[in-house]
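A closer look at the structure
The lines below spell out each chain.
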Amino acid sequence: MNRQEVIEIIEPHLTKERFEHTLRVAETAVGLAKMYGESKEKAELASLFHDYAKYRPLDEMERIIKTNYLPKDLLQYHHELWHGPVGSILIEQEYGIVDEEVKSAIYYHTTGRSNMTKLDMIVFVADYIEPGRSFPGLEEVREKAQEDLVQTAWMVSRNTISFLMSKHSRIYPDTFHAYNDLTKQLN
Ligand code: DGI
Ligand code: FE
Ligand code: FE
Ligand code: FE
């Protein structure tokens, strides 16, 4: 599947803003892949599909979680956490994408996880730093992304947890597992 084919698949499923975000994530991820020696093709494919399931109706996502090999505890947490895991299932079922690295990067792009692969970190970071985003503290993360991928993923994970705690949101275990594991890697 080439870039143009993927773009034609995803565009109808996304809002204009989300589609443009997706293209920027892909461009950012390809840049990180070059910098850190990862496959540009996998970085691009995973990024283009990362928010593919974002606008599926909640009942459809719920059904996909219930009827596939996905953790049922997702249903106890905010539905914002569902589109990564659901997207990883849909791209295999609908387009035959079986590459476990690509599926994993899509699956974990919102939370991260313990033992993130380079590709997981690239999509996780690119989603956060893509040039359309703007919030306090982001410049520091963008600068770190030019130097050290693990430290950058750690910052994204830390910032996400701080943000969620400030909103009194519940935090999914994988989100903590990502932070703990990245912290261990830095020490
Ligand atoms: O889909 P995007 O908006 O591009 O970005 P995303 O999928 O990385 O994140 C969507 C939101 O999910 C973001 O505001 C942070 C939030 N999030 C990440 N981890 C958790 C979480 N929300 C809750 N409630 N719990 C988490 O553990
Ligand atoms: Fe997302
Ligand atoms: Fe993200
Ligand atoms: Fe995104």
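Residues numbered from 1 in each chain as written. Chains lettered and ligands numbered in written order. Predicted model: local features only at pLDDT ≥ 70, side-chain atom pairs only at ≥ 80, totals over all residues.

Considerations on the confidence of the model for the protein chain
On average, residues of the protein chain carry a pLDDT of 98, and 100% of them reach 70 or more. Interface scoring of the predicted complex returns ipTM 0.96; its pTM is 0.98. (pLDDT = per-residue confidence, 0-100.)

Concerning the packing of helix α9 (residues 149-166) against helix α10 (residues 173-186)
Contact geometry of α9 with α10 gives a least axis separation of 9 Å together with a crossing angle of 140°. With respect to α10, the element α9 is oriented oblique. Crossing angle aside, the handedness with which α9 passes α10 is left-handed. Residues V150, Q151, A153, W154, S157, R158, T160 and I161 of α9 form the contact with α10, whose participating residues are T175, A178, Y179, L182, T183, Q185 and L186. The residue makeup of the contact of α9 with α10, split by class, is 8 nonpolar, 6 polar and 1 charged. (Axes fitted to C-alpha atoms, helices over the stretch in contact; angles between N-to-C directions. Helix = DSSP H or I, 4+ residues; strand = E, 2+ residues; numbered from the N terminus. Parallel < 35°, antiparallel > 145°, perpendicular 65-115°, else oblique. Left-handed = near helix turned anticlockwise from the far one by under 90°. Contact = placed C-beta atoms within 7 Å. Nonpolar A, V, L, I, M, F, W, Y, C, P; charged D, E, K, R; others polar.)

Looking at the packing of helix α7 (residues 118-129) against α9
Two elements in contact, α7 and α9, have axes whose closest approach is 9 Å; the angle formed by their N-to-C orientations is 55°. In terms of axis orientation, α7 runs oblique to α9. Viewed along their axes, α7 and α9 form a crossing whose handedness is left-handed. On α9, the residues that touch K118, M121, F124, V125 and Y128 of α7 are L149, V150, T152, A153 and V156. Each residue belonging to the contact of α7 with α9 can be placed in one class, and the counts come to 8 nonpolar, 1 polar and 1 charged.

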